Amino acid sequence: MKLEANQIAVVTGSGSGIGRALARQLSAIGVHVGLCDVSMDNLTQTRELCLAGAPAGTRVSIHRADVSQEAQVLAFRDAVKAEHATDHVHLVINNAGIGGGGGFVDGDRAEWERTFGVCWFGVYYGSRAFLPMLRAASQGYLVNVSSVNGFYASIGPQMPHTAYSAAKFAVKGFTEALINDFRMNA
């Protein structure tokens, strides 16, 4: 993947951690970025860090969005289109995620579904929402962040971790299946 100044990238979960680091790296080479997270305070800090290390003229837009809610992801997409005055993006990184969810048998159902919603549906909704914009670019890349729990369904014998692990397995399988889907259809 070769990214250059003035291309456009989208990063979910960019208020902290991996998402923030990716946003900073992209903006440092002059890639314009559309960023979302559930915390506007964290996003504001990310934006300031990005702009401090970016070439002049690099655009960094921030948007509050809960990626487990499709309507909010679609609003994020529409805001990126408007604020970056574009019909395309070159890179989408579905990074947003949360830990937790606990076990299926004795865990809290709402917590389980919240974890699965962010970690799996956030990837699904982000991919669906931005695919037309990726296809409209001269080159486009979709990156879906999973974790080691996409390979191993446990973090140890004494802790059920089914919501998170199931979501990360879904992300890994979806992303691998997309390779052939994109080859045939995109």
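Above this note sits the structure.
Residue indices follow the written sequence of each chain, beginning from 1 at its first position. Totals for whole chains, interfaces and linings use every residue, but because this is a predicted model, local features are given only for residues with pLDDT of at least 70 and side-chain atom pairs only at 80 or more, for both listing and counting. By convention in this description, side-chain values take in all heavy atoms of the structure and omit both hydrogens and water.

Undergrad: What should I look at first to understand the overall build of the chain in this one?
TA: Across its full length, the chain holds 5 helices and 5 strands. When the elements of the chain are put in sequence order from the N terminus, they spell out β-α-β-α-β-α-β-α-β-α. Every radius of gyration here is taken over C-alpha atoms, with the globule rule written as 2.2 Å times N^0.38, N being the number of residues. Compactness check: the chain gives a C-alpha radius of gyration of 17 Å against a globular reference of 16 Å for 186 residues, within 12% of the reference. With the C-alpha coordinates of the chain rotated into their principal frame, the extents come out at 50 × 40 × 25 Å. In the chain, 69% of the contacts between residues at least 6 apart in sequence involve partners at least 24 apart. For the purposes of this entry, the term helix denotes a DSSP run of H or I that reaches at least four residues, the term strand denotes a run of E that reaches at least two, and both are numbered from the N terminus. By definition in these notes, contact holds between two residues if any of their heavy atoms fall within 4.5 Å.

Undergrad: Looking at this structure, how should I read the packing of aromatic side chains?
TA: Note on aromatic contacts: the rings of Phe and Tyr and the six-membered ring of Trp form a pair at centre separations within 6.5 Å, being stacked when their planes are under 30 degrees apart, edge-to-face when over 60 apart, and tilted otherwise. For the structure on display, the rule yields 11 aromatic pairs. Aromatic side chains Y124 and F174 sit 6.5 Å apart centroid to centroid with 65 degrees between the ring planes, which places their arrangement in the edge-to-face category. In this pair, Y124 is assigned in helix α4 (residues 109–135) and F174 in helix α5 (residues 162–185), connecting sequence segments 50 residues apart. Residue F174 is classed as partly exposed on the basis of its relative accessible area, which comes to 21%. Connected via pairs of aromatic rings, a cluster forms that spans F104, W112, F116, W120, F121, Y124, Y125 and F174. Burial status follows relative accessibility: with a 1.4 Å probe on protein chains alone, a residue under 20% of its type maximum counts as buried, one over 50% as exposed, and anything between as partly exposed.

Undergrad: Sorry, what's going on with the sheet that holds strand β4 (residues 91–94) here?
TA: Sheet strands associate in pairs through backbone hydrogen bonding, adopting either a parallel or an antiparallel arrangement. Any two strands with at least two DSSP-identified bridges between them are counted as paired. The strand order β3-β2-β1-β4-β5 describes an open sheet built from 5 strands, whose pairing is parallel. A single partner strand is all that each edge strand has here, and the edge strands are β3 (60–64) and β5 (141–144). Here the strands of the sheet are splayed against their neighbours by 10 degrees on average, with no regard to which way each runs. Of the strand pairs in this sheet, strand β1 (residues 8–12) and β4 are connected by 3 bridges, and their pairing is parallel. Bridge assignment links A9 to a residue of β4, and that residue is L91. The axes are straight lines fitted to the C-alpha atoms, using for helices just the contacting stretch, and the angles between their N-to-C directions are given from 0 to 180°. This element, helix α2 (residues 40–52), spans β2 (32–37) and β3 of the sheet and lies at about 170 degrees to β3. In the packing of helix α3 (residues 70–83) onto the sheet, contacts are made with β1, β2 and β3, and the angle to β3 comes to roughly 155 degrees.

Undergrad: I tried to follow the environment of R128 on my own but got confused; where do I start?
TA: Inspection of the secondary structure puts R128 in helix α4. Placed 115 residues apart in sequence, R128 and G13 show a C-alpha to C-alpha distance of 17 Å.

Undergrad: Looking at this model, I keep getting lost on the packing of α4 against α5. Mind explaining?
TA: A pair of packed helices is captured by two measures, namely the crossing angle of their axes and the spacing between those axes. At a minimum axis distance of 8 Å, the contact between α4 and α5 shows a crossing angle of 15 degrees. Taken as axis vectors, α4 and α5 run roughly parallel relative to one another. The two elements α4 and α5 meet at a crossing, and its hand is right-handed. Of α5, the residues touching α4 (which contributes W112, T115, F116, C119, W120, V123, S127, L131 and R135) are T162, A163, Y164, A166, A167, K168, A170, V171, F174, F182 and N185. When the residues that make up the contact of α4 with α5 are grouped by side-chain class, the tally is 14 nonpolar, 4 polar and 2 charged. For classification purposes, angles smaller than 35 degrees are called roughly parallel, those larger than 145 roughly antiparallel, those between 65 and 115 roughly perpendicular, and all remaining angles oblique. Definitions for this section: a left-handed crossing has its near helix turned counterclockwise from the far helix by less than a right angle. A right-handed crossing has that turn clockwise. Gly counts as polar in this scheme, as do all residues outside two lists: the nonpolar Ala, Val, Leu, Ile, Met, Phe, Trp, Tyr, Cys and Pro, and the charged Asp, Glu, Lys and Arg.

Undergrad: I tried to follow the pairing of β1 on my own but got confused; where do I start?
TA: Look at any regular strand and the pattern is simple: side chains alternate between the two faces of the sheet. Extensive coverage of β1 is indicated by the burial of 5 of its 5 residues. Here β1 shows two buried faces, one formed by I8, V10 and T12 and the other by A9 and V11. By convention, a crossover is right-handed whenever its connection, traced from the first strand over the helix to the second and viewed with the strands pointing away, goes clockwise. Where the polypeptide runs from β1 across helix α1 (residues 17–28) and back to β2, its parallel neighbour, the crossover connection is right-handed.

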